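# Observations on the three-dimensional arrangement
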Amino acid sequence: MSVRVRFAPSPTGLLHVGALRDALHKFLLARHSGGTNILRIEDTDRTRYNADSEKEFIETLHWAGIDFDEGPHIGGPHAPYRQSVRKEKGIYAEWIQVLLSKGFAYKAFDTPEELAAMREQQTANKVNTGYFGGIWRDATPSQVAEAEAAGKTYVIRQRIPRDTTIVVEDLIRGRIEWDSNTVDDPVLIKTDGMPTYHFAAMVDDHIMGITHIMRGEEWISSAPKHVCLFEAFGWDKPVFVHCPVIVGNDGKKLSKRHGATRVLDYKAQGYLPHALKNFIALIGWSPGDEREAMTEAELIEAFDLSGMQPSPGKFDIDKLKWINGIHIRGVSASELVSVVLQYVCDEYVREYWTNFVEESPMPGKAPIVGTDVLAKLDKIASADSAYVASILPMLQERVVTLADFGDGAEFFFDDLPSMDQKAVDKWFKQEHVRGLFSRLLADIGRVPCSVESYDALLKQYQVDLSLEKLGPIVHPVRVALTGKTAGPGLFELMAVLGPDRMKVRLERALELCV
Ligand code: GLU
């Protein structure tokens, strides 16, 4: 049977890392097995539904490159894929009638006050709270008819079998058993006629032919109710796969301390979608070998449910940075400019940095100012494209995120880049440096503008000055040209800067040599 999986978000908020992992693992399973990946919008809780959230889910998944074969935005054989619309079509009403007629569901007319009193009593008696009976589970047909005739509102509850064991076979955890007397009767249809998650999701999973219910382990306690629903209908059960939670590196619940929780913020910070996917795929899943940096094709090829881990998956931001660096280095020279420019011009990236406030700056380091990050990136966007195309590949080796290109490239665009004062103090006071700069100023207009000729020129200075090492030549020249002590290869950057730009910088450096 061909694999069919669904990502079924309730669009009530932002798309978080945990939901991305959920969507990604299903995407990989579908693509690995030649199956079908379905997007279903679970929007039956109208009080919490948020249209912006649905937009964010679809856009973020698109950015991440997680695509679907069926869904509200593309249609498919089981359309509609939005549960509120499915409800309007009467799909759930039809199936709840089946359960009512078989006795696996019942109408319960309890008032909110009665339910509160029941809970209070249960708490006082130190027993499980929830709806385990009450008069309506065992009410006679005439009691029900009477309540209905009186116009009382009701919910429809699932009648969980009593005095038995409910078994859930979970692919990751194996067999899990519940004493059915500890499982309460959940609401399936609310007073307004809307189905709850328990009912709508399971009915849809059956109708849509879902083969694997993959979801977070927070749903494990609901699994016995879902198994009972499948059994009540006499449907074949899908495979249940409950994925362990994601925790921070310290083993604690994932929070802002460990990195952004909103997926879009990783885009804004300059992570490549594939790098984020690569990193997220490895949280709670292993390809069975030591591989970490993997292409999309490798992830799809390797993804197998047997690699799902039973222990909580760790979110290690340093690993994400490392993987991102690797994938940035993998971007071809011809694509690099458009990748960076697309990043700089992205609406959300700009909004993120414009409003960025660093919550806990690194001790001893100046806090990051978001508008400065953006201003540096804008220098790339507004510069001559051929010049940018020669600069970016030189920085590719050193950056961790796309945002780092702004900082790394800045000195190329500023006629007089800001100077690292410590480096000036260290190098410009040395005796040979004034002469070195003067000589270079005279030579740069004379020798060809190429990596090789600058390499030869500076090595010639070393010989002429009888210096044992090249350091006393390259370090002051680098500071003079870039204002910094580290950066791309000196001869390469000299060739990119060219004689005119170097001239202005060397003249300033000469003035600083007093
Ligand atoms: N709508 C549920 C949620 O957003 C889906 C859970 C599931 O995958 O079954 O958490």
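Heads up: these notes are all about the structure in this document. Predicted, not measured: the structure shown is a model, and the values here were computed from it. (Residues numbered from 1 in each chain as written. Predicted model: local features only at pLDDT ≥ 70, side-chain atom pairs only at ≥ 80, totals over all residues. Heavy atoms only, no water.)

All right, on to the overall build of the protein chain then. Helix and strand content of the protein chain: 23 helices and 11 strands. A compact globule built from 514 residues would reach a C-alpha radius of gyration of about 24 Å, whereas the protein chain, at 32 Å, exceeds it by more than 25%. Dimensions of the protein chain, computed from C-alpha atoms along their principal axes, come out at roughly 110 × 45 × 35 Å. Taking all 514 residues of the protein chain together, 50% fall into the buried category. A total accessible area of about 24200 Å² is found for the protein chain, and carbon and sulfur atoms account for 52% of it. Taking the average place of the 59 positive charges on the side chains of the protein chain and the average place of its 72 negative ones, the gap between the two points comes to 2 Å. (Helix = DSSP H or I, 4+ residues; strand = E, 2+ residues; numbered from the N terminus. Rg over C-alpha atoms; globule rule 2.2 N^0.38 Å. Buried < 20%, exposed > 50% of the residue type's maximum accessible area, 1.4 Å probe, protein only. Areas by Shrake-Rupley, 256 points an atom, 1.4 Å probe, with all protein chains shown as cover. Lys, Arg positive; Asp, Glu negative; His and termini not counted. Charge placed at Lys NZ, Arg CZ, Asp CG, Glu CD.)

Glancing now at the packing of helix H16 (residues 370-382) against helix H18 (residues 404-413). Running from N to C, H16 and H18 cross one another at 60°; their axes reach a closest spacing of 8 Å. For the element pair H16 / H18, the angle class is oblique. In the crossing of H16 with H18, the sense of the turn from one axis to the other is left-handed. Side by side, H16 and H18 meet where Lys376, Leu377, Lys379 and Ile380 of the first sit next to Phe405, Gly406, Asp407, Ala409, Glu410 and Phe413 of the second. In the contact of H16 with H18, the residues fall into 5 nonpolar, 1 polar and 4 charged. (Axes fitted to C-alpha atoms, helices over the stretch in contact; angles between N-to-C directions. Parallel < 35°, antiparallel > 145°, perpendicular 65-115°, else oblique. Left-handed = near helix turned anticlockwise from the far one by under 90°. Contact = heavy atoms within 4.5 Å. Nonpolar A, V, L, I, M, F, W, Y, C, P; charged D, E, K, R; others polar.)

Following both chains from N to C, one finds helix H20 (residues 433-444) and helix H23 (residues 490-512) inclined at 140°, their axes separated by 10 Å at the closest point. Here H20 is positioned oblique relative to H23, judged by the angle of their axes. As for how H20 packs across H23, the hand of that crossing is left-handed. In this structure, H20 contributes Arg434, Phe437, Ser438, Leu440, Leu441 and Ile444 to the contact, and H23 contributes Met494, Pro499, Met502, Lys503, Leu506, Glu507, Ala509 and Leu510.

One pass over the structure, following the stated rule, counts 21 aromatic pairs. Taking the centre distance of 4.7 Å and the plane angle of 55° together, the rings of phenylalanine 109 and tryptophan 136 count as tilted. With phenylalanine 109 in the loop between strand S3 (105-108) and helix H5 (112-124) and tryptophan 136 in helix H6 (residues 134-137), the pair connects residues that are 27 residues apart, well separated along the chain. No difference in accessibility class separates phenylalanine 109 from tryptophan 136, as the two residues are buried. Aromatic ring contacts, followed pair by pair, group Trp95, Phe199, Phe230, Phe233 and Trp235 into a single cluster. One cation-aromatic arrangement involves arginine 501 over tyrosine 387; the distance from NZ or CZ to the ring centre is 3.7 Å. (Phe/Tyr/Trp six-rings, centres within 6.5 Å; stacked < 30°, edge-to-face > 60°. Lys NZ or Arg CZ within 6 Å of the ring centre and 35° of its normal.)

Okay, the layout of surface pockets next. One simple way to see leftover space: roll a probe sized like a water molecule over the atoms. There is about 2000 Å³ of room inside the largest pocket. Considering the residues around the largest pocket, the lining is formed by 47 residues, among which Lys321, Trp353, Phe356, Glu358 and Ile368 are closest to the centre. Elements supplying a minimum of two residues to the lining of the largest pocket: helix H10 (263-269), helix H13 (317-329), helix H15 (347-354), H16 and H18. Looking at the lining of the largest pocket, the element that brings in the most residues is H18, giving 5 residues. Taken together, the residues that form the lining of the largest pocket break down as 23 nonpolar, 10 polar and 14 charged. The space that makes up the second largest pocket amounts to roughly 1200 Å³. As for the second largest pocket, its lining consists of 43 residues, of which Ser10, Ala19, Asp22, Glu218 and Trp219 are closest to the centre. (1 Å grid on protein atoms, 1.4 Å probe; cavity = no way out; pocket = protein on both sides within 12 Å on 5 of 7 lines; lining within 4 Å. Points joined across faces, edges and corners; volume = space filled by probe spheres on them.)

The local shell around the ligand consists of Arg6, Ala8, Pro9, Ser10, Glu42, Tyr197, Arg215 and Trp219. Between the ligand and arginine 6, the relevant distance is 2.7 Å, taken from an oxygen atom to a side-chain nitrogen or oxygen of the residue. At 2.4 Å from an oxygen atom of the ligand is found a side-chain nitrogen or oxygen belonging to tyrosine 197. In isolation the ligand has 300 Å² of accessible area, and contact with the protein removes 84% of it. Among the cavities detected, the one that contains the ligand is the second largest pocket. Class assignment of the residues belonging to the shell around the ligand gives a composition of 4 nonpolar, 1 polar and 3 charged. (Near = heavy atom within 4 Å. Polar contact = N/O pair within 3.5 Å; in protein donor to acceptor, adjacent residues only side chain to side chain. Sits in = over half its atoms within 2 Å of the grid points.)

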